Amino acid sequence: MLDVKVIAFDIDGTLYPQSRFYRKIFFHFWKNVVLFYHFGRVRGVLRRSAQLPDLRRYQAILLSERMKCSTSEAEKKLNEVVYDYFPKHFTNVKPFKYIEECFKELKNAGYRIAILSDFPPEQKGNLWGLLPYCDGVYSAEKIGALKPSKYTYGILAKELGVQEKDILYVGNNIKYDIIGAKKAGLKAAYLMPFWRKIFNIRLKDADISFKNYRQFTKLVLK
């Protein structure tokens, strides 16, 4: 960790338990299950695509082809069902324990802090008061490439004025957050799921595997 200058965090599943949000949108999801299915397939294609000048527009084009509707109709559906709906039901979702304590101690120790999420971070409001600790907040959609694209991580490094090896990326998804970051030249910290915590099974691909943010802070600062 001696080379690390920036610690960047994913949001969904990393700063808060996604299960808490899924419970809030359970009926909404099943009401719109067809759209969510096609949306998931489209996002899978985009994760294998090169950088795009307007990812949201191209996303709507791909969705329109799958759902046999116009691009404008696809955009409208996505806004109503996903982009406009999610923020309204996210307000009472609580983050993981010790997360603000972690940000504060890392900042006091001289680390720069960043956020990089596939979905627009502004959907999550003020991010539980964490924004004042951040030196940069980035959306992969606006960058034009979704994780695990090397371009996404490369732009993050460029925007922060550091090399990829100077960044420790913290995430919960092995393919997108950990392996993706490592292939791009970053270091990676993995928030273990419940079953790994129980049996203390660390991820060999990650530089750090941790159970909670108090432990993570100690591992970084030791």
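Please read all numbers here as calculations on a predicted model, not as lab measurements.

Things to note about the overall build of the protein chain
On a plain count of helices and strands, the protein chain comes out with 12 helices and 6 strands. A compact globule built from 222 residues should have a C-alpha radius of gyration of about 17 Å, and the protein chain, at 18 Å, falls within 12% of that. If you line up the protein chain on its principal axes, its C-alpha atoms span 55 × 35 × 35 Å. Each of the 222 residues in the protein chain was classed as buried or not, and the buried ones make up 50%. Considering only intrachain contacts with a sequence separation of at least 6, the fraction spanning at least 24 residues in the protein chain is 61%. Accessible surface for the protein chain amounts to roughly 11,400 Å². Of this, 53% is attributable to carbon and sulfur atoms.

Side note on the pattern of salt bridges
Here the structure, examined in full by the defined rule, presents 13 salt bridges. Between Lys5 and Asp166 there is a salt bridge, and its shortest N-O distance comes to 4.0 Å. You can see Lys5 sitting in the segment before β1 (6-9) and its partner Asp166 sitting in the loop between α9 (150-160) and β4 (167-171), a full 161 residues away along the chain. Classification of Lys5 by relative accessible area gives partly exposed; the value is 47%. Overall, the relative accessible area of 4% leaves Asp166 in the buried class. Note that Glu101 is salt-bridged to Arg214, the shortest N-O span being 2.8 Å. With Glu101 in helix α7 (residues 99-108) and Arg214 in helix α12 (residues 213-221), this pair connects stretches of sequence that are 113 residues apart.

Concerning the pairing of strand β2 (residues 112-117)
Two faces belong to every sheet, and in a regular strand the side chains alternate between them. The element β2 is largely enclosed, with a buried count of 5 among its 6 residues. Of the pairings in the sheet, the one linking β1 to β2 comprises 4 bridges and is parallel in character. Directly across from Phe9, in β2, lies its bridge partner Ile115.

Quick look at the environment of Ile167
Looking at where Ile167 falls in the secondary structure, it is placed in strand β4. Between the C-alpha atom of Ile167 and that of Ala114, which follows or precedes it by 53 residues, the distance is 9.6 Å. Beyond its immediate chain neighbours, meaning those up to four positions away, Ile167 contacts Val6, Ala8, Leu156, Ala157, Val162, Leu186 and Lys187.

Rules of the game
Residues numbered from 1 in each chain as written. Predicted model: local features only at pLDDT ≥ 70, side-chain atom pairs only at ≥ 80, totals over all residues. Heavy atoms only, no water. Helix = DSSP H or I, 4+ residues; strand = E, 2+ residues; numbered from the N terminus. Rg over C-alpha atoms; globule rule 2.2 N^0.38 Å. Buried < 20%, exposed > 50% of the residue type's maximum accessible area, 1.4 Å probe, protein only. Contact = heavy atoms within 4.5 Å. Areas by Shrake-Rupley, 256 points an atom, 1.4 Å probe, with all protein chains shown as cover. Salt bridge = Lys/Arg side-chain N within 4 Å of Asp/Glu carboxyl O. Pairing = 2+ DSSP bridges.

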